[in-house]
Amino acid sequence: MPRSPLISEARELSALQRALGLRHAADALFPTGRVRFRVLDGLHVLRGVHWSRVDHLALAQARDGWRGRTDAEAATVDLLFTHYASILDSHPLALRRVVLYELLQLLRTGSHAPTADEVTSLGVDTWEAEALAHAAAHEPHPTVDRREAAEEIVDAWRAGRIHRAFDCAVRLGEPGRDAGLSRLVLDIADQDRRLDELLARAAELEDAGDPDGAAALYLEAARAAVDDATAVEGLLRTAADPDPARRPTAVPVGGGVRVQWLGDGPHRVLRRRGAGGPWMLLAARAPGPAFTDADVTPGETVQYVVLPVQGHELDGPALLGAPVRYAPEVENVRVQEARDRVSVMWRTPPAALAVQVERLEAHGGSFRVAVDGNGFDDRPVPPGEHRYLIRCRYSLPDGGETLSDGVVARAAVPRWPAPVTRLFVTTGPRPGRIAVGWDGAEGSQVRLYDKPLPAAGLDLPVRELPDPMEWETTALPHGVELLPPRRGMRFRLTAVSVIEERATTGASVVVELTAPVRNFRVRRVAAELVRVTFEWPERADRVDLSWTQSGAQARRIITRAAYRRGALEFAVATAPADFHIEPVPPDADVVIAAAPAGFRLPADLAVSYDVRKPSWWSGAKRRITVRADCAPADVRDVVLPDVVLVARPGVGPLGSDPPRPQSLRDGVTLLHLSGSELGIGRLVSRDVEVTLGGAGPPYALRVFLLGPGAESVRLIEPPWERLVVR
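Residues numbered from 1 in each chain as written. Predicted model: local features only at pLDDT ≥ 70, side-chain atom pairs only at ≥ 80, totals over all residues. Heavy atoms only, no water.

J.: When you look at the overall build of the protein in this model, what are you seeing that I'm missing?
T.: Across its full length, the protein holds 12 helices and 44 strands. On C-alpha atoms alone, the protein measures out to a radius of gyration of 59 Å, which is more than a quarter above the 27 Å that the 2.2 N^0.38 rule sets for 726 residues. Each of the three principal axes of the protein carries a C-alpha extent, and together these read 175 × 85 × 40 Å. In the protein, buried positions account for 44% of the 726 residues. By sequence separation, contacts in the protein at least 24 residues apart represent 63% of the contacts at least 6 residues apart. A total accessible area of about 37300 Å² is found for the protein, and carbon and sulfur atoms account for 51% of it. Side-chain charges in the protein split into 89 positive and 96 negative, and the spacing between the mean points of these groups amounts to 12 Å. (Helix = DSSP H or I, 4+ residues; strand = E, 2+ residues; numbered from the N terminus. Rg over C-alpha atoms; globule rule 2.2 N^0.38 Å. Buried < 20%, exposed > 50% of the residue type's maximum accessible area, 1.4 Å probe, protein only. Contact = heavy atoms within 4.5 Å. Areas by Shrake-Rupley, 256 points an atom, 1.4 Å probe, with all protein chains shown as cover. Lys, Arg positive; Asp, Glu negative; His and termini not counted. Charge placed at Lys NZ, Arg CZ, Asp CG, Glu CD.)

J.: Would you explain the packing of helix α10 (residues 211–224) against helix α11 (residues 229–237) in this entry?
T.: Each pair of packed helices gets described by two things: the angle between the helix axes and the distance between those axes. At a closest axis distance of 8 Å, the pairing of α10 and α11 adopts a crossing angle of 150°. On the basis of their axis angle, the class for α10 and α11 is roughly antiparallel. Crossing of α10 against α11: the hand is left-handed. Counting all contacts with α10, which are made through A215, Y218, L219, A221 and A222, the residues of α11 involved are T230, A231, G234, L235 and R237. Along the lines of polarity and charge, the residues of the contact of α10 with α11 split into 7 nonpolar, 2 polar and 1 charged. (Axes fitted to C-alpha atoms, helices over the stretch in contact; angles between N-to-C directions. Parallel < 35°, antiparallel > 145°, perpendicular 65-115°, else oblique. Left-handed = near helix turned anticlockwise from the far one by under 90°. Nonpolar A, V, L, I, M, F, W, Y, C, P; charged D, E, K, R; others polar.)

J.: Would you explain the packing of aromatic side chains in this entry?
T.: Any pair of aromatic rings gets described here by the distance separating the centres and the angle formed by the planes. A full pass over the atoms with the stated rule returns 11 aromatic pairs. Ring plane angle 80° and centroid distance 4.9 Å describe the contact between W471 and F491, whose orientation is recorded as edge-to-face. Highlighted residues: W471 in the loop between β24 (459–461) and β25 (472–476) and F491 in strand β27 (residues 489–499), separated in sequence by 20 residues. For the pair W471 and F491, a shared accessibility class is recorded, and that class is buried. By the ring-pair criterion, three or more aromatic residues cluster together here, those being W346, F376 and Y388. (Phe/Tyr/Trp six-rings, centres within 6.5 Å; stacked < 30°, edge-to-face > 60°.)

J.: Sorry, what's going on with the environment of L13 here?
T.: Along the polypeptide, L13 turns up in helix α1 (residues 10–19). Residues in contact with L13, not counting those within four places in the same chain, are I7, L80, H83, Y84, I87 and V98.

J.: What should I look at first to understand the nonpolar core in this one?
T.: Here is a general trend for soluble globular proteins: nonpolar side chains tend to be buried in one another's company. Judged by nonpolar contacts, the single largest core of 44 residues is most densely connected at F37 and Y84. Taken together, the elements giving at least two residues each to this core come down to α1, α2 (56–67), α3 (74–90), α4 (94–107), α5 (116–121) and α6 (126–137). Ranked by size, the runner-up nonpolar core spans 26 residues in total, among them Y609, V690, Y699 and L701. (Core = buried A, V, L, I, M, F, W, Y, C linked by side-chain atoms within 4.5 Å.)

J.: Explanation requested: the sheet that holds strand β3 (residues 50–53) in the structure shown.
T.: Strand pairing in a sheet relies on backbone hydrogen bonds. The paired strands run either parallel or antiparallel. Ordered by their spatial adjacency, 3 strands build an open sheet running β1-β2-β3, and the pairing between neighbours is antiparallel. Single-partner strands in this sheet number two, and they are β1 (37–38) and β3. As defined by bridge partners, β1 adjoins strand β2 (residues 44–47) across 2 bridges and the pair is classed as antiparallel. Residue pairing across strands places R38 opposite H44, the latter belonging to β2. (Pairing = 2+ DSSP bridges.)

J.: Explanation requested: the side chain of D125 in the structure shown.
T.: As for its placement among the helices and strands, D125 is situated in the loop between α5 and α6. For D125, a relative accessible area of 1% puts it in the buried group. The contact partners of D125, leaving out residues within four places of it in the chain, are R36, F37, R38 and W51.

J.: Before we go on, may I ask you to explain helix α9 (residues 179–207) in this structure?
T.: The end-to-end C-alpha distance of α9 is 43 Å, a good match for the 42 Å that 29 residues give at a rise of 1.5 Å each. Along α9, the residues classified as buried are G180, L181, L184, I188, A189, D192, L195, L198, L199 and A202. Here the buried face of α9 lies against α4, α7 (144–158), α8 (162–172), α10 and α11. For α9, the N-terminal capping position is held by D178, with its side-chain oxygen 3.4 Å away from the main-chain nitrogen of G180. Remark: G209 follows α9 within two positions and exhibits a positive phi of approximately 85°. (Expected span 1.5 Å × (residues − 1). Polar contact = N/O pair within 3.5 Å; in protein donor to acceptor, adjacent residues only side chain to side chain.)

J.: What is the right way to read the packing of α1 against α3 from this model?
T.: Orientation of α1 relative to α3, taken along the N-to-C sense of each, is 140°, at an axis distance of 10 Å. Our classification of the angle between α1 and α3 gives oblique. Along this stretch, α1 crosses α3, giving a crossing that reads as left-handed. Between α1 and α3, the contacting residues are L13, L16, Q17 and A19 on the first element and T76, L79, L80, H83, Y84 and I87 on the second.

J.: What is the right way to read the pairing of strand β7 (residues 280–286) from this model?
T.: One face of the sheet, then the other: side chains in a regular strand alternate in exactly this way. The pairing of strand β6 (residues 267–273) with β7 spans 4 bridges and is classified as antiparallel. Looking at β7, one finds that V269 is bridged to A283. Here β6 hands over to β7 after 6 residues, with G274 in that stretch at a positive phi of 70°.

J.: Help me out: how do you make sense of the pattern of salt bridges in this one?
T.: Opposite charge on two side chains allows them to pair when their charged atoms are near. Applying the stated criterion across every chain, the model contains 52 salt bridges. The residue R347 makes a salt bridge to E331 at a minimum N-O spacing of 2.9 Å. With a gap of 16 residues between them, R347 in strand β14 (residues 341–347) and E331 in strand β13 (residues 331–338) connect regions that are remote in the sequence. R347 gets classed as partly exposed once you look at its relative accessible area, which sits at 45%. Of the residues examined, E331 reaches a relative accessible area of 22% and is grouped as partly exposed. For E512, the salt bridge is made with R490, and the minimal N-O distance between the two is 3.0 Å. (Salt bridge = Lys/Arg side-chain N within 4 Å of Asp/Glu carboxyl O.)

This is the structure in structure tokens:
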């Protein structure tokens, strides 16, 4: 009878069987119906009237039967039958051995010898019941200790835990006639003797001053027995500082000490506190390449050693790290430089009481910097390189305090440009241009912008500035000259001083460029009444109209609404007058006004004419009389215009009078009197024959004035009926 199942994970198999309510493995072969099997000559089950050997097909059929049961968890069923299949794969009779072992445990629970009836009650066929009861009666009574050893011995052996396997063999006692167990016990004893020899030779080399040779033997012993503490201790004693490139590093962090090493694969990690303290196992198989030890106290010194692991065995010599004092530093340090200021932020370790910062001076001194939470602002700071020592303060178990070694944050404070403090905007040297000058910005390049920018005094990188102005720019000795794209515009002009890639916003002014008044005209519509016309200037709400006449000055402010309601007419004297007009500028920091438009209105000069028939039999002949009258002035300064009489034939709509000529070209010239033929206050008369060739009457007559100043001369016309020749 087998005294051990000699399988891996025997305890896990028993737990799965108990979860399904099974007494032994053979019960699992009968998901429904009566249990009946034979086990002495191999494991057979009764199917109908035939006995069949249990193979993978039989296992699959039994598993499917269990899956159909509602009282069995599918995952448990699948895992159990996976175990059975693995056991059957290891040896054709391995599953039979498991069943025999489990039957023996069940039959020897009592103090009496088992009977055939008890055997058949477990499902064994009656043909084998008597023999199996007799065999079980001659086996030693199983104890809890023996059962644990029997079910653990294979796992310990295969895992390389030689001492544990040897202990299991001792607790099992004599294997009896169990040949498989006997072979395993002999193998364990041989490995145990080999282990003792390796350790003895390693100790001799260590005593002889050959740590490298001893370390090799200790490593071989540790590989042979993964649970041999003597081999591991020898490895740790003979561990030397490895090549710096392979030495594990230990860095205090907020959650403990982070141990890092080179190389893939799992590693065993051990730690000791202080110098020469005992080593403590932290991780048997840390997946690596790092491990965090959270069981450390601030202020203590710890040391770590890592050993590569392959499977269950050590795979290389111990790698010893340097001792490290656990006082974590601040993490994620971020430095930001600005004008005369250094700002530093970090993440404080949870165990730290406070953070202490000193600015390290170039001459060797230091300056304490106030800390605000997880950072500080140090100002004023001159341009140049600066170093800050940042250390964490921790409490010790004895009530004292300790500081971390500290990390150094480096900052380079650049020279920032001085801002433009004042802008000057005036009319430029060339027409249509403006000149811009400034105060401040010493040693900096000055750029001008007409786009929105932050308030004055803000430092920012040049890359964040908008695109520069597209205006034509010309350098001046103390500024620049700009050509605005047009008149009649309002814009904000902002100065930015620049040094390399750093910029500072400066003074800003609102500039109003008023548009000029165009096509300004003043004409008299009566002796003492004038009409003013012009194109309203862009963006203007009001215009300022002023004039000087006979030494006196007058002014009128005209609104856009008033001008648009109709013609602008007002009374003036008949004497000559000088008129000027310009927009009234809106409120602005700087106003660049366009030159006012002017107009010279001469003294009142009127030309009147009349057209009559010389006599009743005159036919188409007409007499035109012309008279020029001027307001009191020096007649020597008066230039009289030419008088031109124009006739136009034709009939108006529905037989009405012919339309009046609209210009000199809108008809035939009948008479042209030069200004020299006229005289002030003198009546000039001429007779003309109103015939237009092939065109018959009616005709419409009209006088036009020509010459310099003609537009300023009032023309007084006769009634319309006298100007029609029928």
